Amino acid sequence: MAMNHVRSVRHILTTNEALVVACQRTYATGKAKKGSKGGGAADAPKASTLSKEIKSTTVVGANILKEGTDPKIQPDSEYPDWLWHLLDKRMALSELRRKNIETLPYEDLKRFVKLDNRARIKENNSVKAKN
């Protein structure tokens, strides 16, 4: 009877060990990571493999096609004029209110009307919300 008990315990132990081995998480390298959580040397950003010449002549990452290539940077004369004004600072509503409306250029006047309407709507909504 003792022998049967030893066999059953041995069977349970080998089954549990197999279960532990089967449920263990493995990593792509085949080795478990050691050390603490978080920033190790492996998590550091990798140096770019592109040369400076390629970076200065192409728009890296702008290609959206599978078989396409990144577009080349063209001279400034090849781009439309409006492109160079996209990042220009525009006047805020408070600055536009200080100016004379009759002397504003059309684009600034359009912006003033849009911003003023937006401010009035927000004001009305906040008044209604309080009541």
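Everything below is about the structure printed above this text.
Residues numbered from 1 in each chain as written. Predicted model: local features only at pLDDT ≥ 70, side-chain atom pairs only at ≥ 80, totals over all residues. Heavy atoms only, no water.

### Quick notes on the pattern of salt bridges
Turning to step 1, where the next piece is worked out: Following the criterion strictly, the structure yields two salt bridges and no others.
Turning to step 2, where the next piece is worked out: Close ionic contact of D116 with R97 constitutes a salt bridge, the shortest N to O distance being 2.9 Å. On the criterion of sequence distance, the pair formed by D116 in helix 4 (residues 106–130) and R97 in helix 3 (residues 93–98) is long-range, its members being 19 residues apart.
Turning to step 3, where the next piece is worked out: Residue D116 is classed as buried on the basis of its relative accessible area, which comes to 19%.
Turning to step 4, where the next piece is worked out: We note a salt bridge from D116 to R120, for which the minimum N-O separation is 3.8 Å. Linking D116 with R120, this pair stays in helix 4, spanning four residues, or about one helical turn.
Turning to step 5, where the next piece is worked out: Connected through salt bridges with shared partners, the residues R97, D116 and R120 form a single ionic network. (Salt bridge = Lys/Arg side-chain N within 4 Å of Asp/Glu carboxyl O. Helix = DSSP H or I, 4+ residues; strand = E, 2+ residues; numbered from the N terminus. Buried < 20%, exposed > 50% of the residue type's maximum accessible area, 1.4 Å probe, protein only.)

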